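Chain by chain, the residues run as shown.
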Amino acid sequence: MFGDLFEEDYSSVSNNNGKGKRLKTKALEPPAPREFTNLSGIRNQGGTCYLNSLLQTLHFTPEFREALFSLGPEELGSLEDKDKPDAKVRIIPLQLQRLFAQLLLLDQEAASTADLTDSFGWTSDEEMRQHDVQELNRILFSALETSLVGTSGHDLINRLYHGTIVNQIVCKECKNVSEKQEDFLDLTVAVKNVSGLEDALWNMYVEEEVFDCDNLYHCGNCGRLVKAAKSAKLRKLPPFLTISLLRFNFDFVKCERYKETSCYTFPLRINLKPFCEQSELDDLEYMYELFSVIIHKGGCYGGHYHVYIKDVDHLGNWQFQEDKSKPDVNLEDIQNKEEIDDPLMILKAILLQEESNLIPVDQLGQKLLKKIGISWNKKYRKQYGPLRKFLQLHSQIFLLSSDESTVRLLKDSSLQVESDIQRNDQRLFKTLTSESLKLNDGPSCPHWFDINDSRVQPIKEKDIEQQFQGKESAYMLFYRKSQLQRPPEARANPRYKVPCHLLSEMDAANIELQIKRAECDSTNNTVELHLHLGPHYHFFNGALHPVVSQTESMWDLTFDKRKTLGDLRQSIFQLLEFWEGDMVLSVAKFVPAGLHVCQTLNGDDLTLCEIEIANGEDIFVWNGVEVGGIQIPTGSDCEPLLLNVLHVATSSEGEECQQLIETSHVFPSNAEIGTVFTALAIPEGVILINNTESRGEENWTTIPKEDLKKTFREQGLRNGSSVLIQGSNDGNSLLTKQGKWINTVNEINWLQVKNLSQLESEEEQVKISATLNTVVFDIRIKAIKELKLLKELAENSCLRPIDRNGKLLCPVPDRCTLKEAGLKMGSSLGLCPGKAPASSQCLKIMLDKCGLTGDTWHLRKMDWCFEAGEPLCEEDAKLKELMICSGDTLLLIEGKLPPLGFLTVPIWWYQPRGPLHHWKDHQDQTNCTLSQGSVWKASSTPGAPSDAHEEVSLWYLGDLEISEDATLGELKSQAMTLPSLEFSIPSPAFLRAWTVESKRPGRLLRVHQQQLKEYKLGKRTEICLEPLQKEENLGPWDVLLRTQMRLPGERAYGPPVDVLWDTARGWTASSLRQRVADVYSLPVEKIEIAKYFPEKFAWLPVSSWNQQTTKRKKKKKQDNLQGAPYYLKDGDTIGVKNLLVEDDDDFSTVQDDIGREKQKELALGKRKSREALRAQSGDVFSGADTPARARGPEASLSIHVGSFR
């Protein structure tokens, strides 16, 4: 019973003497604990971010949470009985209770909603599908009301969220009031054309709608149509006001949904008194405070929700992470930003606090981490390098020991640091005091958090302003009455009013989590160490080797890596009872030569994690001086290398034989290569090295005499490398070994060429003498001669490099030298059939393959959309420089490219006023190739619907090759010189330039002196020129419109008139109407205007909005004609109707009716063809229309609730 009560805790240590490594299985990790905010998030099940945001809002509504907690098992039932047939268990409120308890008390980073969504009756498909949070809010409240029927909480939702609105209509004649009352759980307010929440509420509950003129009200009391005023007021306010913002709207012109991202402000505190029916109460009765903002990021077809929440009860730790990491500061510490950025000042202050100003370098790094809260590597390494290197560079301040293990301050430097610190004491105190005040902010400071699924981060109140507008903006607002005060015992008390059974359940779950985390932590924080005992090893041939066997010399030890190096040393002392004297622990590693000691471990106060001891590390245990009486070299610089040394054998008489001997030798990697002669007792000679494992003759390189003083590491030698030693008296002879020959001259000066031409030859391969400046063509011709192949092969062959695996690489161009081709001496080449392409012949080769001729072709690279990308302009550039890789698709396209920096622009002539009588019509409707004189028939402008609907042609003048740096005026001047232009133009100012889009004028190019590259025309832009009667100089705010007056009594229009409209004061309808009225000398109230949409043959009237009568005079936001639904731009057609002679609402013409009928016929034909295709393929849904945009169907959101009535 008390067996291990007084034993020391050696649970972190276990030994396995003489046995190999043990395998550890990693257990399933428990959920992570809460982060520094001490608040729990909610895990996303795939598409439930909208649910998580609403649940967190309800959880941080204490009155809702506590009202739900007040319902006990006697009313709701128990989850254990939910599967019993006769039990009435209200699962949804029970699961909500349990979830809220977990969010309050369970120590986990994020809670799961899987049980709650199961109670909703949702499947995995519904958990992955996105829904609208406003819709969920209403459905969840409805489900809760149904679930709580017959309990004391039946009115929970009504009590907290229910309010009423009264709609009134007041007769102006008899003053009779007709009213209708509406209930609400949330208010829906408009966002479009509204500046903010208060503005929207004013429009809804203050402004009156007046019924007069053509819109009269039928009064039941008067019995006739009378003038009246309609208004709405808030009659009853709930304790919690939920406001839904109408961010999503429908564009009836484009027939698609869109998200309103304009700026929409909302206050942190709002007074609802102006919007209420009863206003005689005190202002505090109408004051509400914002406590939650649900935010939507994305568009109308998808996105992500998260929520900003005010922690009313201060349950979380509202401390920013960067502030949390700051350590406690004393007055003598150097802590302000300027000195933290100066590592010299920090290190001086740390060393000055040491008694002897002496400290191990490892401990210096640890003290720096504790001092400023961040390690040297993260803060300074990128700028200043490693810590030891920094100390070495400042030798006038720091003195490192000979082994660089300790550091101290020089005396002069320490005196200087003391004076600096005393001088800065007062300033530091002021800085630190102000920082501490900023951290605490007092108890009245509101604590806001950003809860994004599992992630919880503190934010400042001013961060809410960032959610006023944009794609990431506020979507739902939650306000609470200011008079709702929380009891003092609820502050920072998550257990407040939580039922006892849930408290017990959460306490038990926390204990279970702690046990699992401890087990997992112990598993994850243990390492397997292999202890190599120094007395069981001896040093020979440059490395350590076991005296008896590896099994007896190595012990396996399992140790907790959170413990310190001193703890490890003490544990080893207890395991090795025979050990006497000092014990030094060093990291060792196995190399081919044996065991090598790499690094001695220092700093007994450091944990194994901090000194980066890895799992399976080899630890050498010794006295730190010698092994078996021999002082051993340590460190990575002197790591032993096992080399294969080949040298000429000597006879018994001391003469060299024609035979190579291969022996293995070990050399320190920091030794000079010349020590090989000493090791083999050779006075001098030549050294050749081969760095590859397979010692092929093509890889031998000679080391010059001046490089013999370089180390093995500097020469790139590694374990397994081969070294050939040649005596000085061998001359330039060739020595054979096993049928292979090795060149012994000072430099390899040959290439090996193999016959891969499929023609028989006497030899399979030959060696061709060459230098780095030899041309590849000469090597190929010599190889053909020595292989005695046909001379015809010289015209149709190439050389291809062969890699180590025998794979043929790309052919080498004949005109390159070996150096330019990147070939090394001794390389292998293959003589293959086929010519090697030159670097600039790619286009020519493709033309030859396709059987095409001429120089009017260019290449384009196919992009990821399988479309032709930008042209490859630089014909002389290599494919590598153009980023062309193997497998890319190149398209051969007709048309010669202009020089770099130039554009080839097709120029068209455009005259909207009547047919072209001055040119001959060379139209070719079937030929896509443009030629001078070809004509495009199109409507005059973006739809100039005159009586005859004259077709105005775009007449092709020719192509201009012009620099991108040229101005628009220079382009017009060059276009005037085209031979096919028969008109005489006085100057470029008499021409108007448009881009050509869909065979009609598109964008107006207005600035005469602007460079073409600033217009971003692109490589395929076409331009049309329109003649003018007088010079034109358009300003930046001028908009060019085509206006046409409707002919009275006829469904037709007069000729178009160009109108310049100054939009400097806004793109408003009233401004446009005034400008058109001035042009036609008509009163503005006696005209109607409409914009023409030629693609739909439709007119959209442009009306100026009538201001409604309001109780408060305020400026109403004007509509912008640039936006929906008009999208007004240069070149648009505006129809004008004179109401003095014609007062109907019709703007259309006979040609419009014909065009719409043709569109209907075309659409009907397409539909019939689709139905025919579906019928052929057996599609049962042949009558369904194909949607314009392929989107998944929107599924309805529902929560399944049992019946409890």
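Residues numbered from 1 in each chain as written. Predicted model: local features only at pLDDT ≥ 70, side-chain atom pairs only at ≥ 80, totals over all residues. Heavy atoms only, no water.

Novice: Sorry if this is basic, but what is going on with the overall build of the chain here?
Specialist: Along its length, the chain carries 28 helices and 56 strands. The buried share among the 1205 residues of the chain stands at 45%. Of all intrachain contacts in the chain linking residues separated by at least 6 positions in sequence, the fraction that spans at least 24 positions is 70%. Entry remark: accessible area of the chain is about 65,100 Å², with carbon and sulfur atoms responsible for 50%. (Helix = DSSP H or I, 4+ residues; strand = E, 2+ residues; numbered from the N terminus. Buried < 20%, exposed > 50% of the residue type's maximum accessible area, 1.4 Å probe, protein only. Contact = heavy atoms within 4.5 Å. Areas by Shrake-Rupley, 256 points an atom, 1.4 Å probe, with all protein chains shown as cover.)

Novice: Is there a simple way to think about the sheet that holds strand 10 (residues 228-236) in this case?
Specialist: In sheet architecture, strand pairing relies on hydrogen bonds along the backbone and comes in two forms, parallel and antiparallel. Reading across from one edge, 5-4-10-7 is the order of the four strands in this open sheet, with antiparallel pairing throughout. Both outer strands of the open sheet, strand 5 (177-184) and strand 7 (209-211), are each paired with one neighbouring strand and no more. With direction set aside, neighbouring strand axes in the sheet form an average angle of 25°. Pairing geometry for strand 4 (residues 163-171) and strand 10, over eight bridges, is antiparallel. Of the residues in strand 10, the one forming a bridge with I165 is L234. (Pairing = 2+ DSSP bridges. Axes fitted to C-alpha atoms, helices over the stretch in contact; angles between N-to-C directions.)

Novice: Whenever I open this one, empty space enclosed by the protein confuses me. Can you help?
Specialist: Over the atoms rolls a probe the size of a water molecule, and its path tells where empty space is left. Under the criterion given, the structure shown has three cavities of 30 Å³ or more. One number sums up the size of the largest cavity: a volume of about 40 Å³. Around the largest cavity sit F539, G542, A543, L544, L595, H596, V597, I632 and P633, which together line it. Taken together, the residues of the lining of the largest cavity sort by class into seven nonpolar, two polar and no charged. (1 Å grid on protein atoms, 1.4 Å probe; cavity = no way out; pocket = protein on both sides within 12 Å on 5 of 7 lines; lining within 4 Å. Points joined across faces, edges and corners; volume = space filled by probe spheres on them. Nonpolar A, V, L, I, M, F, W, Y, C, P; charged D, E, K, R; others polar.)

Novice: Explain the pattern of salt bridges here, please?
Specialist: When the charged atoms of two side chains lie near each other, side chains of opposite charge can form a pair. Throughout the structure, instances matching the rule amount to 41 salt bridges. Across the pair D521 and R562 runs a salt bridge whose closest N-O atoms are separated by 2.2 Å. Placement of D521 in helix 18 (residues 500-524) and of R562 in the loop between strand 26 (554-560) and helix 20 (565-575) is noted, with a sequence separation of 41 residues between them. Judged by its relative accessible area of 32%, D521 is partly exposed. Classification of R562 as partly exposed rests on a relative accessible area of 38%. (Salt bridge = Lys/Arg side-chain N within 4 Å of Asp/Glu carboxyl O.)

Novice: Looking at this model, I keep getting lost on the packing of aromatic side chains. Mind explaining?
Specialist: Across all of its chains, the model carries 24 aromatic pairs by this definition. Between the aromatic rings of F240 and F291, the centroid separation amounts to 6.0 Å while the plane-to-plane angle is 70°, which identifies the pairing as edge-to-face. Here F240 is found in strand 11 (residues 240-246), whereas its partner F291 is found in strand 15 (residues 287-299), with 51 residues between them in sequence. When sorted by exposure, F240 lands in the same class as F291, which is buried. Their ring planes at 70° and their centres at 5.1 Å tell us that F250 and F252 sit as a pair that is edge-to-face. Residue class for F252 comes out exposed when judged on its relative accessible area of 69%. Taken together, the aromatic side chains of F64, F100, F141, Y161, F240, F291 and F478 make up a single cluster linked through ring pairs. Positioned above the aromatic ring of W750 is the side chain of K767, whose terminal nitrogen or guanidinium carbon lies 5.1 Å from the ring centre. For K1137, the ring lying beneath its charged end belongs to F1147, and the centroid distance is 4.3 Å. (Phe/Tyr/Trp six-rings, centres within 6.5 Å; stacked < 30°, edge-to-face > 60°. Lys NZ or Arg CZ within 6 Å of the ring centre and 35° of its normal.)

Novice: So what exactly am I meant to see when it comes to the side chain of K481 here?
Specialist: You can see K481 is positioned in strand 22 (residues 472-481). For the buried K481, no salt bridge is present, and the opposite-charge side chain at shortest range is E285, 4.2 Å distant. (Lys, Arg positive; Asp, Glu negative; His and termini not counted.)

Novice: What is the right way to look at the pairing of strand 55 (residues 1098-1102) in this model?
Specialist: It is a general feature of regular strands that their side chains alternate between the two faces of the sheet. Inspection of the sheet shows strand 54 (residues 1087-1093) paired to strand 55 by five bridges, in the antiparallel sense. In the sheet register, Y1092 faces strand 55, and the bridge partner there is W1099. The hairpin turn running from strand 54 into strand 55, its antiparallel successor, is four residues long, and F1097 in that turn takes a positive phi close to 55°.

Novice: Would you take a moment to explain the packing of helix 1 (residues 49-59) against helix 7 (residues 133-147) for this structure?
Specialist: Think of two packed helices as two axes; the pair is described by the angle between the axes and how far apart they sit. At a minimum axis distance of 10 Å, the contact between helix 1 and helix 7 shows a crossing angle of 55°. Between helix 1 and helix 7, the crossing angle belongs to the class labelled oblique. Of the two elements, helix 1 crosses helix 7, and the hand of that crossing is right-handed. In contact with Y50, L51, L54 and L58 of helix 1, helix 7 contributes V133, L136, N137, L140 and F141. Residues belonging to the contact of helix 1 with helix 7 are distributed by class as follows: eight nonpolar, one polar and no charged. (Parallel < 35°, antiparallel > 145°, perpendicular 65-115°, else oblique. Left-handed = near helix turned anticlockwise from the far one by under 90°.)

Novice: So what exactly am I meant to see when it comes to the environment of N510 here?
Specialist: Topologically, N510 is positioned in helix 18. As a C-alpha pair, N510 and L106 span 404 residues in sequence and 6.1 Å in three-dimensional space. Ignoring any residue separated from it by four or fewer positions in sequence, one finds N510 in contact with L105, L106 and D107. A polar atom in the side chain of N510 sits 2.9 Å from the backbone nitrogen of D107. (Polar contact = N/O pair within 3.5 Å; in protein donor to acceptor, adjacent residues only side chain to side chain.)

Novice: It is not clear to me how unusual backbone geometry should be interpreted in this structure. Could you clarify?
Specialist: Glycine aside, negative phi is the norm for most residues, and most peptide bonds take the trans geometry. In this structure, S1081 is a non-glycine residue whose phi angle is positive, near 55°. By secondary structure assignment, the location of S1081 is in the loop between helix 27 (1069-1079) and strand 54.

Novice: Help me understand the nonpolar core in this model?
Specialist: Generally speaking, a soluble globular protein has its nonpolar side chains buried in company with each other. Within the largest apolar cluster, 67 residues are counted, with the highest numbers of intra-cluster contacts made by F64 and I1199. Top contributing element to this core by residue count: helix 4 (residues 91-105), with nine residues. The residues contacting F64, other than those within four sequence positions of it, are L58, F100, L144, L156, I157, L160 and Y161. V191, L237, I243 and L290 belong to the second largest nonpolar core, which has 37 residues in total. (Core = buried A, V, L, I, M, F, W, Y, C linked by side-chain atoms within 4.5 Å.)

Novice: Quick question: what am I supposed to make of the layout of surface pockets here?
Specialist: Computed from the structure, the largest pocket encloses a volume of approximately 1,300 Å³. Of all the elements, helix 13 (residues 361-372) adds the most residues to the lining of the largest pocket, at five residues. Here the lining of the largest pocket is composed, by residue class, of 12 nonpolar, 12 polar and 10 charged.

Novice: Mind showing me how you'd approach the packing of helix 2 (residues 62-69) against helix 4 here?
Specialist: The geometry of helix 2 relative to helix 4 is characterised by a closest axis approach of 10 Å and an angle of 125° between their N-to-C directions. By the angle between their directions, the pair helix 2 and helix 4 is classed as oblique. The chirality of how helix 2 crosses helix 4 is left-handed. Across from F64, R65, L68 and F69 in helix 2, the residues of helix 4 making contact are P93, L96, Q97, F100, A101 and L104.

Novice: For this particular structure, what's the right way to read the sheet that holds strand 54?
Specialist: Sheet architecture is open: five strands sit in the order 53-52-56-54-55, paired in mixed fashion. Each end of this open sheet is capped by a strand with a single partner; those strands are strand 53 (1057-1062) and strand 55. Going from strand to strand, the sheet's axes swing by 40° on average, the running direction of each strand aside. Summarising the sheet, strand 52 (residues 1038-1045) and strand 53 pair through six bridges and their orientation is antiparallel. Residue L1040 lies in a different strand from strand 53, and its bridge partner there is L1060.

This is a description of form; function is not addressed.
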